[in-house]
Amino acid sequence: MLSIPHLRQVCQGGTCIFTCKRPKIPFVSTLEIHTAGGVDTWNLLRWTSVEGDALEQEPPDGSKSTRLPPSPFGMAYPVALPEIGRVYLWADGFTSRAPNILLERELTQRYFKAAGALIKQYARRGAPLESAQAHLQQAQTFIQNRLWLESLVESVCAAEQSVVSIARTRLQRMRGRTAFLWGISSDYSEAVQQSLQVLTSPINLVHLALDDITSSGDGLLQQARSARITVAMSAPRSDSPHSHLETLHEALSCYRGQVRYWSIATHIERYPVSEKTVEALTTLCEAARTVDFGIVRLLHGIQGYSQPRSAYPLLERCVEAGVPFEGIHLEWCWYDGTLLDLDQVLERYGELGKPIHLELTLPPESGYEIFSRTEPLAWLEGACLIALSKPYVVSLRLPLQTTQDSAGMLTKENQISPYWDRICALAAWNRALLD
């Protein structure tokens, strides 16, 4: 088949080269994927669509054949960078007919161009981008000397600082965000009830995932009403939207009139993008409105690279088909991209025309497996500023408990974490803008 190239690995001077070629096919160039030293294990590479959606396709492996995605395609890889940490970086626009690809050079070019475009557009509008400009100039020097890892560091710093500075400036000119929902998310109603004794303002949203409908959340709901907190419950988790209509009906009936936001279907990135899936989601949303007319119906999905998944294609199909839901519950992990990527993910999902309830995981100070952020608290502040600056992002949900892969508003010892302090300071800054 023309779409199945053969892949072999060659090592030259400590640099790994993956060679993809189609034997016996004339006029087809060999595609070599090179690294300048930032790649330590190729199985972390992810093939993507040109839009940035991770494809469920095997990463390169020198011991067997592999399949290249349809051209053009993209690639994502978590290069370890001083000043940033180790998170997924993404570049696009590759084709199988390219003679070779130097991964770090391609990644550099994407972040360098993105930062340059932002600085050119917003510096003349008064956004303070001097620090980002300095990083970009340093990146230019490294690029001229073909120092690709060094240029990648400076390019990513320039891109991240640009989007955060622009978000902060936009909020100042908007005079802050009103009617924004600051939320905590948890699977345990008892933990939420206890935490609300110490985590007060700015929390005005509780997201509770219900795995067992028989477990009562009445105590939480009573406390939520007295504290003017909106409870946003997820529907029971399922690998198919066809299979939990009955349990969804039971849950909605149990809490009728008490819950404002419902994620009618969760993890829709697992579902096939098909007419049958769209029909099933339509049935679920219509049934939910029949049981409780006052709810806001959300569809939940994840966008990420570590585990290849994207809710966007199905959400786009649902919008085109007129599936009756009011908002998107979008989940994004801190190691699945830079702050520039988060900004662009939100812009893309925002074009679907639905309000976004954003749920983020947080970088633990000690990192998670191979992933890390050099300044996790600064990352949190930047991510929150980006979310606040998007008018179509109406809520931000953050984990209550600390887990292996995410920090939380509480430490493992159930003490208030530094992340909570940073959230309080940012919310206070936003309130001051409203005065």
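This structure is a prediction, so every number in the text was calculated from the model and none was measured. (Residues numbered from 1 in each chain as written. Predicted model: local features only at pLDDT ≥ 70, side-chain atom pairs only at ≥ 80, totals over all residues. Heavy atoms only, no water.)

Every regular strand shows the same layout, with side chains that alternate between the two sheet faces. With four of five residues buried, strand E12 (residues 230-234) is to be regarded as a mostly interior element. Examined bridge by bridge, strand E11 (residues 203-209) and E12 share five bridges and lie parallel to one another. By the bridge assignment for E12, Leu205 is matched with Thr230. Sheet analysis places E12 next to strand E13 (residues 261-265), joined by three bridges and oriented parallel. When the bridges of E13 are listed, Ala232 appears paired with Tyr261. (Buried < 20%, exposed > 50% of the residue type's maximum accessible area, 1.4 Å probe, protein only. Helix = DSSP H or I, 4+ residues; strand = E, 2+ residues; numbered from the N terminus. Pairing = 2+ DSSP bridges.)

Moving on, we get to the packing of aromatic side chains. One pass over the structure, following the stated rule, counts nine aromatic pairs. With a centroid separation of 5.7 Å and an interplanar angle of 80 degrees, the aromatic rings of Trp47 and Phe73 are classed as edge-to-face. Taken together, the positions of Trp47 in strand E4 (residues 46-48) and Phe73 in strand E5 (residues 73-77) put the pair 26 residues apart, joining distant regions of the chain. Residues Trp47 and Phe73 agree in their burial class; the two are buried. Considering the side-chain rings of Phe73 and Phe94, the 6.0 Å spacing of their centres and the 45 degrees angle between planes classify their relative orientation as tilted. Of the two residues, Phe73 is situated in strand E5 and Phe94 in strand E8 (residues 89-94); the sequence distance between them amounts to 21 residues. Cluster of aromatic residues (ring-pair linked, three or more members): Tyr88, Tyr305, Trp334, Tyr335, Tyr368 and Phe371. (Phe/Tyr/Trp six-rings, centres within 6.5 Å; stacked < 30°, edge-to-face > 60°.)

Relative to the helices and strands, Ala432 resides in helix H11 (residues 418-434). Spatially, the C-alpha atom of Ala432 lies 10.0 Å from that of Gln172, the residues being 260 residues apart in sequence.

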